[in-house]
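Structure at a glance
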Amino acid sequence: KAAEKGGWPSFMAKEISEEPEAVANTVLGRTRDGQVVIPELEGLDDLFRGISRIVIVGAGTAAYSAFVGKYAIEQWARIPVEVELAHEFRYRSPLVGPDVLVVSISQSGETMDTLMAVKEATRLGAKTLSICNTQGATIPRESDAVVYLHAGPEVAVASTKAFVAQITGLYLFALHLGRVRGTVPAEVQAESIDELNTLPEKIRWILENEQEHIEQLAHWMADTRSVLFLGRHVGYPIALEGALKLKEISYIHAEGFAAGELKHGPIALVEPGLPVFVVVPSPSGAPELHSKVVSNIQEIRARGARVIAIAEAGDAAVLPFADEVLRIPLAEPLFEPILAVVPLHIFAMGLANAKGLDVDQPRNLAKSVTVE
Ligand code: AGP
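Residues numbered from 1 in each chain as written. Predicted model: local features only at pLDDT ≥ 70, side-chain atom pairs only at ≥ 80, totals over all residues.

Across its full length, the protein chain holds 13 helices and 12 strands. Taking 2.2 N^0.38 as the reference for a compact globule, 372 residues should give roughly 21 Å; the C-alpha atoms of the protein chain span a radius of gyration of 20 Å, in line with that estimate. Counting over 372 residues, the protein chain shows a buried share of 55%. Within the protein chain, contacts between residues separated by at least 24 positions form 75% of all contacts whose residues are at least 6 apart in sequence. (Helix = DSSP H or I, 4+ residues; strand = E, 2+ residues; numbered from the N terminus. Rg over C-alpha atoms; globule rule 2.2 N^0.38 Å. Buried ≥ 20, exposed ≤ 12 C-beta atoms within 10 Å, placed from the backbone. Contact = placed C-beta atoms within 7 Å.)

Structural data, given as structure tokens:
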């Protein structure tokens, strides 16, 4: 086991350190002459031009990556996308048929809830595409097409490098679809590929420059009973992911909310000293969203929350209102989730370590949930 961990104290630590490679390996071999071309999907152009809707199904962390995928596919391929938890999709007579593509997303490819959703989609006449990290797993075998992620084996129960690979796979799929459907200008394809190629370096920057700071913060917060996570737009699924990871491995009550939803209820939870992580959009890339999130920060700060902002290096506007700022490099807004999640993965692991818990094998959980 120690040898398999390659010198890291846990599989989770090793797998977080592999997040840059997980992104790079997923992109590898999927671009050609400034365009995204996924070789496994060549030959499916007519199908992609003919569909009227996409439904993405998955569970847990995989479903959060799907929410990011929805934004990317709708922006680049201009096709409506719904995201549905696989176990909900299966039992509600979903309205899907031959004009719908059901995309499943799964690290293991063995999650029973997701497998049953895929089978249901097939029974209803929909076409199915699996985005999966595990070669030859059951879900890809049951699907019409498959795009493998190349994150490498993930051992820790808490999914980390597979999550960034899943989002990467969904960006690639969105750009492939957009190219086939003629909805992405060539320069957007080219710029997006450049961005995808720089993400590994940017993740590495976070690991090198922020990891220690985040682990220290986690150490100071070892007695925390409850934590909130807020985000908007593509930052919203990242807030959900940050909360799930903390629950899973540090057994701390955590909730993720869309920041705009605060005033509709959750703000009642805010009391002096409550730690709230806020995913802050780029001030230059998404100025409107940025100013909205800054006012959300002011609202919770005024009620005594302890604000931990995940913000672009150089974002000075958050400084007066945040107790802590975790820095991430600049990226185009759609790509920011891949960077913003890294500090949250490190934080969850740091807090579990500070509490002396087994980060790789949390209680009550299995790596792959093969029962319904
Ligand atoms: C993630 O940290 C979880 N352990 C869990 O939510 C997981 O993502 C979910 O069970 C889906 O697994 P899959 O990607 O293998 O289908």
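Anyway, onward from the coordinates.
So, on to helix 6 (residues 112-123). In this model, helix 6 (12 residues) spans 16 Å end to end at C-alpha, consistent with the 16 Å of a helix rising 1.5 Å per residue. Listing the buried residues of helix 6 in full gives Asp113, Thr114, Leu115, Ala117, Val118, Glu120 and Ala121. Buried residues along helix 6 sit against strand 3 (53-58), helix 5 (86-90), strand 5 (100-106), strand 6 (127-132) and helix 7 (138-141). Phi for Gly125, located one or two positions after helix 6, is positive at around 95°. (Expected span 1.5 Å × (residues − 1).)

It is worth spelling out the environment of Asn353 at this point. Checked against the element boundaries, Asn353 lands in helix 13 (residues 336-354). Separated by 84 residues in the primary sequence, Asn353 and Leu269 have C-alpha atoms spaced 27 Å apart.

What follows covers the site of the ligand. Around the ligand there are 15 residues in total, and Gly60, Thr61, Ser106, Ser108 and Thr111 lie nearest to it. The residue makeup of the shell around the ligand, split by class, is five nonpolar, nine polar and one charged. (Near = placed C-beta within 6 Å. Nonpolar A, V, L, I, M, F, W, Y, C, P; charged D, E, K, R; others polar.)

Once that is clear, we can look at the sheet that holds strand 11 (residues 306-312). Pairing is parallel in the open sheet, where five strands are placed in the order 9-8-10-11-12. Strands with a single pairing partner mark the edges of an open sheet, and in this sheet they are strand 9 (253-258) and strand 12 (324-328). The sheet shows a mean angle of 20° between the axes of neighbouring strands, taken without regard to direction. Relative to strand 10 (residues 275-279), strand 8 (residues 226-231) runs parallel, the two sharing three bridges. Note on strand 10: the bridge partner recorded for Phe229 is Phe277. Sheet strands in contact with helix 11 (residues 235-250) are strand 8, strand 9 and strand 10, and its direction is about 175° off that of strand 9. (Pairing = 2+ DSSP bridges. Axes fitted to C-alpha atoms, helices over the stretch in contact; angles between N-to-C directions.)

A word on the nonpolar core. Val102, Ala174, Val278 and Ala309 are the most contacted members of the largest nonpolar core, which totals 130 residues. Here Ala174 is in contact with Gly69, Ala72, Ile73, Trp76 and Ala77, once residues within four sequence places are set aside. (Core = buried A, V, L, I, M, F, W, Y, C linked by C-beta atoms within 7 Å.)

What follows deals with the environment of Thr61. Position of Thr61 relative to the elements: it lies in helix 4 (residues 61-77). The class of Thr61 is buried, set by 23 C-beta atoms lying within 10 Å. Residues Thr61 and Ala268 lie 207 residues apart in sequence; the distance between their C-alpha atoms is 27 Å. Apart from the residues lying within four places of it in its own chain, the contact partners of Thr61 are Ser159, Phe163, Glu241 and Leu244.

Our focus in this paragraph is the packing of helix 4 against helix 8 (residues 161-181). At their nearest, the axes of helix 4 and helix 8 sit 8 Å apart, and the two run at 25° to each other. In terms of orientation, helix 4 lies roughly parallel with respect to helix 8. With respect to the hand of their crossing, helix 4 and helix 8 are arranged in right-handed fashion. Each of Thr61, Ala62, Ser65, Val68, Gly69, Ala72, Ile73, Trp76 and Ala77 in helix 4 lies in contact with helix 8, whose residues at this interface are Phe163, Gln166, Ile167, Leu170, Tyr171, Ala174, Leu175, Leu177, Gly178 and Arg181. (Parallel < 35°, antiparallel > 145°, perpendicular 65-115°, else oblique. Left-handed = near helix turned anticlockwise from the far one by under 90°.)

Take the pairing of strand 8 next. Along strand 8, five of the six residues are buried, which leaves the element largely enclosed by surrounding structure. The pairing of strand 8 with strand 9 spans six bridges and is classified as parallel. Note that in strand 9 the partner of Phe229 across the bridge is Gly256. Read as a crossover between parallel neighbours, the route from strand 8 over helix 11 to strand 9 is right-handed. (Right-handed = clockwise from strand over helix to strand, strands pointing away.)

Burial analysis of strand 3 places five of its six residues in the buried class, the great majority of the element. Inspection of the sheet shows strand 3 paired to strand 5 by five bridges, in the parallel sense. Bridge pairing in strand 5 places Val57 opposite Ser104. As paired elements, strand 3 and strand 4 (residues 81-85) share five bridges and run parallel to each other. Considered in strand 4, the bridge of Val55 is made with Glu82.

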